[in-house]
Amino acid sequence: MTFRLSNRSRNSLRGVHPDLVRVVERAIVTTPVDFMVIEGLRSSQRQASLVKAGASRTLNSRHLSGHAVDLAAWVDGQIRWDWPLYPRIAEAMKSAASALDVPLVWGGDWPRLRDGPHFELCRRAYP
(Lines give C-alpha, C1' and ligand atoms only; values in the text may rest on other atoms or scores of the structure.)
Protein backbone atom coordinates (compact mmCIF):
# COMPACT_ATOMS: atom_id res chain seq x y z
CA MET A 1 0.00 0.00 0.00
CA THR A 2 1.19 3.50 -0.80
CA PHE A 3 0.58 6.24 1.74
CA ARG A 4 0.55 10.01 1.32
CA LEU A 5 1.13 12.97 3.59
CA SER A 6 -1.95 14.54 5.14
CA ASN A 7 -2.57 18.27 5.11
CA ARG A 8 -1.67 18.29 8.81
CA SER A 9 1.68 16.67 8.03
CA ARG A 10 2.34 19.13 5.21
CA ASN A 11 1.57 22.01 7.58
CA SER A 12 3.99 20.53 10.11
CA LEU A 13 6.71 20.59 7.44
CA ARG A 14 6.53 24.38 7.06
CA GLY A 15 9.91 25.85 7.88
CA VAL A 16 11.67 22.47 7.70
CA HIS A 17 14.82 22.32 5.58
CA PRO A 18 13.89 21.41 1.97
CA ASP A 19 16.23 18.39 1.93
CA LEU A 20 14.52 16.89 4.96
CA VAL A 21 11.11 17.59 3.40
CA ARG A 22 12.22 15.68 0.29
CA VAL A 23 13.26 12.72 2.44
CA VAL A 24 9.90 12.65 4.23
CA GLU A 25 8.01 12.95 0.94
CA ARG A 26 9.94 10.05 -0.57
CA ALA A 27 9.69 7.88 2.54
CA ILE A 28 5.90 8.17 2.84
CA VAL A 29 5.42 6.39 -0.50
CA THR A 30 7.71 3.47 0.42
CA THR A 31 7.07 2.99 4.14
CA PRO A 32 5.33 -0.20 5.28
CA VAL A 33 3.88 1.77 8.23
CA ASP A 34 1.88 4.93 7.60
CA PHE A 35 3.13 7.95 9.51
CA MET A 36 2.36 11.58 10.09
CA VAL A 37 4.64 14.52 10.76
CA ILE A 38 3.74 15.68 14.24
CA GLU A 39 6.37 18.38 14.58
CA GLY A 40 9.02 20.12 12.52
CA LEU A 41 10.19 23.66 13.16
CA ARG A 42 9.85 24.71 16.80
CA SER A 43 10.06 28.03 18.58
CA SER A 44 12.52 28.42 21.44
CA GLN A 45 9.53 28.90 23.77
CA ARG A 46 8.05 25.56 22.70
CA GLN A 47 11.44 23.87 23.13
CA ALA A 48 11.82 25.34 26.62
CA SER A 49 8.37 24.08 27.58
CA LEU A 50 9.24 20.58 26.31
CA VAL A 51 12.43 20.61 28.40
CA LYS A 52 10.49 21.79 31.44
CA ALA A 53 7.93 19.00 30.92
CA GLY A 54 10.71 16.40 30.55
CA ALA A 55 9.82 15.65 26.91
CA SER A 56 13.22 16.95 25.72
CA ARG A 57 16.59 17.28 27.37
CA THR A 58 18.11 20.07 25.34
CA LEU A 59 17.46 23.70 24.59
CA ASN A 60 19.67 23.28 21.48
CA SER A 61 17.32 21.07 19.47
CA ARG A 62 17.65 20.66 15.71
CA HIS A 63 13.93 21.48 15.58
CA LEU A 64 14.81 25.13 16.32
CA SER A 65 16.49 25.49 12.92
CA GLY A 66 14.12 23.28 10.91
CA HIS A 67 16.67 20.49 10.70
CA ALA A 68 14.52 17.88 12.48
CA VAL A 69 11.09 16.28 12.35
CA ASP A 70 9.18 14.01 14.65
CA LEU A 71 7.06 11.35 12.98
CA ALA A 72 4.27 9.30 14.53
CA ALA A 73 3.05 5.92 13.33
CA TRP A 74 -0.54 6.16 12.09
CA VAL A 75 -2.35 2.82 12.42
CA ASP A 76 -6.08 2.23 12.16
CA GLY A 77 -6.82 5.95 12.36
CA GLN A 78 -4.78 6.70 15.44
CA ILE A 79 -1.25 7.54 16.54
CA ARG A 80 0.62 4.54 17.90
CA TRP A 81 3.80 4.67 19.95
CA ASP A 82 4.64 0.92 19.90
CA TRP A 83 8.43 0.70 19.48
CA PRO A 84 8.38 -2.06 16.79
CA LEU A 85 6.67 0.33 14.36
CA TYR A 86 9.46 2.90 14.44
CA PRO A 87 12.37 0.86 13.04
CA ARG A 88 10.11 0.09 10.07
CA ILE A 89 9.47 3.81 9.51
CA ALA A 90 13.19 4.48 10.04
CA GLU A 91 14.08 1.98 7.34
CA ALA A 92 11.95 3.93 4.83
CA MET A 93 13.41 7.25 5.99
CA LYS A 94 16.99 5.97 5.79
CA SER A 95 16.39 4.47 2.37
CA ALA A 96 14.88 7.72 1.09
CA ALA A 97 17.76 9.73 2.56
CA SER A 98 20.31 7.44 0.95
CA ALA A 99 18.59 7.63 -2.45
CA LEU A 100 18.57 11.43 -2.21
CA ASP A 101 22.13 11.61 -0.83
CA VAL A 102 20.93 13.40 2.32
CA PRO A 103 22.82 12.44 5.51
CA LEU A 104 20.18 11.59 8.12
CA VAL A 105 20.33 10.72 11.81
CA TRP A 106 17.59 8.68 13.48
CA GLY A 107 16.99 9.19 17.20
CA GLY A 108 16.32 5.46 17.53
CA ASP A 109 20.00 4.80 16.81
CA TRP A 110 21.20 6.96 19.68
CA PRO A 111 22.92 4.88 22.39
CA ARG A 112 21.19 6.80 25.18
CA LEU A 113 17.75 8.32 25.28
CA ARG A 114 16.58 6.62 22.10
CA ASP A 115 13.93 8.71 20.34
CA GLY A 116 12.10 6.60 17.75
CA PRO A 117 9.96 9.39 16.26
CA HIS A 118 12.93 11.80 15.77
CA PHE A 119 14.83 12.28 12.49
CA GLU A 120 17.35 15.04 11.84
CA LEU A 121 19.81 16.16 9.22
CA CYS A 122 23.39 15.26 10.11
CA ARG A 123 25.10 18.18 11.89
CA ARG A 124 28.35 17.69 9.95
CA ALA A 125 26.65 18.13 6.58
CA TYR A 126 24.01 20.61 7.80
CA PRO A 127 25.56 22.75 10.55
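Undergrad: In this structure, what is going on with the pairing of strand 5 (residues 118–121)? I would like to understand it.
TA: The side chains of a regular strand alternate between the sheet's two faces. The alternating pattern of strand 5 places His118 and Glu120 and Phe119 and Leu121 on opposite faces, both of which are buried. Note: strand 2 (residues 68–75) against strand 5, three bridges, orientation antiparallel. When the bridges of strand 5 are listed, Asp70 appears paired with His118. Of the pairings in the sheet, the one linking strand 4 (residues 104–106) to strand 5 comprises three bridges and is antiparallel in character.

Undergrad: Mind showing me how you'd approach the side chain of His63 here?
TA: Along the chain, the position of His63 falls in the loop between helix 3 (44–53) and strand 2. The exposure class assigned to His63 is buried, which follows from its relative accessible area of 1%. Side chain to side chain, His63 and Asp70 meet in a polar contact 3.3 Å long. In this view, His63 contacts Glu39, Gly40, Leu41, Arg42, Ala68, Val69, Asp70 and His118; residues no more than four positions away in its chain are not counted.

Undergrad: Sorry if this is basic, but what is going on with the nonpolar core here?
TA: The nonpolar side chains of a soluble globular protein tend to be buried, and buried together. If you look at the biggest cluster of nonpolar residues, it comprises 31 residues, and the most contacted ones within it are Val69 and Ile89. Of all the elements in the fold, those that place two or more residues in this core are helix 2 (18–28), strand 1 (35–39), strand 2, helix 4 (85–100) and strand 5. In terms of residue count, the dominant contributor to this core is helix 4 (eight residues). Discounting residues that sit within four places of it in the chain, Val69 has contacts with Leu13, Val16, Leu20, Val24, Val37, Glu39, Gly40, His63, Pro117, His118 and Phe119.

Undergrad: Even after reading the chapter, I still don't get the packing of aromatic side chains, so can you show me in this structure?
TA: Both the distance between ring centres and the angle between the ring planes are used here to describe each pair of aromatic rings. This model, assessed by the stated rule, comprises three aromatic pairs. Taking 5.8 Å as the distance between ring centres and 15° as the angle between the ring planes, the aromatic pair formed by Trp83 and Trp106 counts as stacked. One end of the pair, Trp83, is in the loop between strand 3 (78–80) and helix 4; the other, Trp106, is in strand 4, and 23 residues separate them in sequence. Chaining the aromatic ring pairs together yields one cluster made of Trp83, Trp106 and Phe119.

Undergrad: Hey, could you run me through helix 2 in this one?
TA: The α-helix advances 3.6 residues per turn, and as a result positions three or four apart in sequence lie on the same side. Within helix 2, burial applies to Asp19, Leu20, Val21, Val23, Val24, Ala27 and Ile28. Among the structural elements, strand 1, strand 2, helix 4, strand 4 and strand 5 are those in contact with the buried residues of helix 2.

Undergrad: Would you mind going over unusual backbone geometry with me for this structure?
TA: One can expect most non-glycine residues to show negative phi and most peptide bonds to be in trans. You will see that Asp76, though not glycine, has its phi angle at about 50°, which is positive. Inspection of the secondary structure assignment puts Asp76 in the loop between strand 2 and strand 3. By relative accessible area, Asp76 is classed as exposed at 73%. Positive phi outside glycine occurs at Leu113, with the angle close to 55°. By secondary structure assignment, the location of Leu113 is in the loop between strand 4 and strand 5.

Parameters and conventions
Residues numbered from 1 in each chain as written. Predicted model: local features only at pLDDT ≥ 70, side-chain atom pairs only at ≥ 80, totals over all residues. Heavy atoms only, no water. Buried < 20%, exposed > 50% of the residue type's maximum accessible area, 1.4 Å probe, protein only. Helix = DSSP H or I, 4+ residues; strand = E, 2+ residues; numbered from the N terminus. Pairing = 2+ DSSP bridges. Polar contact = N/O pair within 3.5 Å; in protein donor to acceptor, adjacent residues only side chain to side chain. Contact = heavy atoms within 4.5 Å. Core = buried A, V, L, I, M, F, W, Y, C linked by side-chain atoms within 4.5 Å. Phe/Tyr/Trp six-rings, centres within 6.5 Å; stacked < 30°, edge-to-face > 60°.

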